[in-house]
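# Structural characterization, general
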Amino acid sequence: MVVLQLQFLLVPLLTSTMGAAQYMMQDAALMNYIDRRFLSLERLEKCNQDILDYVEEFRDFSKMVLARLARLNSYKAEVKSELENLLTRIERAQGDIDYFGSVTVSNTCIEVHEDLVKQQLFEEAETKKKLKLMLNASCDHMLSGIKSLKILKKTGDKHGSWMKDPGKKHAKIYLFNGSVNNVILEFANIMTFVESNHMLKAHKVTLPFPWQGTGHIIYQGFLFYHKYSSLNEIIKFNIQKRNITDQMLLPGAGRIPAYQLSPPTKIDLAIDEQGLWAIHAEPETEGNIVITKINHITMTVEHTWDTSCNSKDAEAAFMICNTLYVVYNFPSGGTSRIQCVYDVLDAVNTYEIPVLHFPKRQGSHSTIHYNPKEKQLFAWGDGSQIIYKLHTKQKV
């Protein structure tokens, strides 16, 4: 009987113990499953972090590639410019070689063929004839003196330029302050410009790229200027429409200043009765000034001349009727003077021209531009805006 009672007591106890063990095994399996899920989440988080790191590295790599592509485009433009300059120099050198080869008699007494000399002279005459047609040889006046000056205002930095558009009927005044800037101040007329509160009445024109130096010019509604940070890129900008319409590279220019006393200006653009010109200096010419006739409509080079005027101690220059006038001064400042003249058609005997002095003024010029419509010089001197009236005479 006792044994039977014990049996009845042990059966529930064993059943309860086996159930508890079974629950413990289920809990252990659940904890193991949760641990595995946490490990999976940790691996997933690490994978996401690896992806983010990769994306960041890819962004850095993209920025580096874009920067190198930008530099590559800049190098490409410079190399293209140098190649064009080299080709121009080769053409000039080949022309010189052909010329000297046709007229020089060697020590071996090689007989010069008369037909070859005649052909050379004929080609030179044809070239001069074409240049006269292109440049309108009826433009026959030259500068004989600087009559007077008028200082209209003193506003702006040491370097700058101001001008009218000789190709338009309006009387607007344009002010370019500084040797690097991208904002032009436009005034309705000269009276508005000279008023004491003129800055309040100025209309601002913002350029897409800053200018370099002070050699920019406005002609027939377009601004022509040397693009800042470029070697020799000239931009043609439509002032009314506010957009770039064309650009060109000027072979050989941009490596040294056009004038030693005005180092910010590497390319000086000028307007005369014949249109648009570029004035610059080149190392190959030992610092002598080079002038280039530019077609302002197609933005192409029409002809280039190597002058005998040196850029040393030069501060500015301008064109009048196919003739270059170079203004010199002292490095410390003084009386500006014109003592080198170059006529592209050889219509002026430059050796008989006296030195021309600018009147009643001590200082220096940042820029001097000729206005063929008003027959005056618009100059910027030590922050002052100046007008010079001129004496002219017939070319000799």
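Residues numbered from 1 in each chain as written. Predicted model: local features only at pLDDT ≥ 70, side-chain atom pairs only at ≥ 80, totals over all residues. Heavy atoms only, no water.

### Here's the deal with the side chain of Thr367
Counting through the fold element by element, Thr367 comes out in strand 18 (residues 367-371). Looking at Thr367, its side chain comes within polar contact range of the main-chain oxygen of Thr214, at 3.5 Å. A polar atom in the side chain of Thr367 sits 3.4 Å from the side chain of His369. With near-sequence residues (within four places) excluded, Thr367 lies in contact with Gly160, Ser161, Thr214, Phe378, Ala379 and Trp380. (Helix = DSSP H or I, 4+ residues; strand = E, 2+ residues; numbered from the N terminus. Polar contact = N/O pair within 3.5 Å; in protein donor to acceptor, adjacent residues only side chain to side chain. Contact = heavy atoms within 4.5 Å.)

### Concerning the environment of Thr265
On the secondary structure map, Thr265 appears in the loop between strand 9 (243-249) and strand 10 (268-272). For Thr265, a relative accessible area of 2% translates into the label buried. Put simply, Thr265 and His280 are 15 residues apart on the chain and 8.7 Å apart in space, counted from C-alpha to C-alpha. Leave out the neighbours within four places in its chain, and Thr265 touches Gly213, Thr214, Gly215, Pro257, Ala258 and Tyr259. (Buried < 20%, exposed > 50% of the residue type's maximum accessible area, 1.4 Å probe, protein only.)

### Brief notes about the sheet that holds strand 10
Strand order in the open sheet formed by 4 strands is 10-11-12-13, and the pairing between neighbours is antiparallel. This sheet does not close on itself; its edge strands, each paired only once, are strand 10 and strand 13 (300-310). The sheet shows a mean angle of 25° between the axes of neighbouring strands, taken without regard to direction. In this sheet, strand 11 (residues 275-281) lies alongside strand 10 in antiparallel orientation, the contact comprising 5 bridges. Across the sheet, the residue bridging to Asp272 is Gly275, located in strand 11. (Pairing = 2+ DSSP bridges. Axes fitted to C-alpha atoms, helices over the stretch in contact; angles between N-to-C directions.)

### Describing the side chain of His226
Within the secondary structure, His226 sits in strand 7 (residues 222-226). What makes His226 buried here is its relative accessible area of 3%. Of the polar contacts made by the side chain of His226, one reaches the backbone oxygen of Ser230; its length is 3.2 Å. Once you skip the residues sitting within four places of it in the chain, His226 turns out to touch Pro210, Trp211, Gln212, Leu231, Asn232, Glu233, Lys266 and Ile267.

### A look at the packing of aromatic side chains
If you walk through the whole model with that rule in mind, you get 7 aromatic pairs. Aromatic side chains Phe187 and Phe193 sit 5.2 Å apart centroid to centroid with 65° between the ring planes, which places their arrangement in the edge-to-face category. Of the two residues examined, Phe187 and Phe193, each falls in the buried class. Ring centres of Phe318 and Tyr325 lie 5.5 Å apart, and the angle between their planes is 20°; this geometry places the pair in the stacked category. Here Phe318 matches Tyr325 in class, with each residue buried. (Phe/Tyr/Trp six-rings, centres within 6.5 Å; stacked < 30°, edge-to-face > 60°.)

### Details of the pairing of strand 11
Judged by how many residues are buried, strand 11 sits mostly within the fold: 7 of 7 residues are covered. The antiparallel pairing of strand 10 with strand 11 creates a hairpin that spans 2 residues between the two strands. Between strand 11 and strand 12 (residues 288-295), which pair antiparallel in sequence order, lie 6 residues; one of them, Glu286, sits at a positive phi of approximately 60°.

### What to know about the pattern of salt bridges
As enumerated under the stated definition, the model contains 8 salt bridges in all. Residue Glu233 is joined to Lys227 by a salt bridge in which the shortest nitrogen-to-oxygen separation is 3.9 Å. Across the pair, Lys227 and Glu233 agree in class, each one buried. Linking Asp343 and Lys395 is a salt bridge whose minimum nitrogen-to-oxygen distance equals 2.8 Å. Separated by 52 residues along the polypeptide, Asp343 in strand 16 (residues 337-343) and Lys395 in the segment after strand 20 (384-394) bring together distant segments of the chain. With respect to class, Asp343 is no different from Lys395; both count as buried. (Salt bridge = Lys/Arg side-chain N within 4 Å of Asp/Glu carboxyl O.)

### Observations regarding the state of the cysteines
For the coordinates displayed, the defined rule picks out 2 disulfides. Note that Cys139 is cross-linked by a disulfide to Cys321, the S-S spacing being 1.8 Å. Residue Cys139 is located in the loop between helix 2 (114-135) and strand 1 (141-154), and its partner Cys321 is located in the loop between strand 14 (314-320) and strand 15 (323-328); the two are separated by 182 residues in the primary sequence. Of the two residues, Cys139 and Cys321, neither departs from the other in class, the shared state being buried. Bridging Cys309 to Cys340, the disulfide has an S-S length of 2.0 Å. Torsion about the S-S bond of the Cys309 and Cys340 cystine: about -90°, corresponding to left-handed handedness. (Disulfide = S-S within 2.5 Å.)

### Brief notes about the nonpolar core
Counting 27 residues, the largest nonpolar core has Phe176, Ile184, Leu223, Ile234, Phe237, Leu250 and Leu269 as the members making the most contacts within it. Of all the secondary structure elements, the ones that give two or more residues to this core are strand 3 (173-177), strand 5 (203-212), strand 6 (217-219), strand 7, strand 8 (233-238), strand 10 and strand 11. Among the nonpolar cores identified, the runner-up in size contains 22 residues, and Leu377, Ala379, Ile386 and Leu390 belong to it. (Core = buried A, V, L, I, M, F, W, Y, C linked by side-chain atoms within 4.5 Å.)

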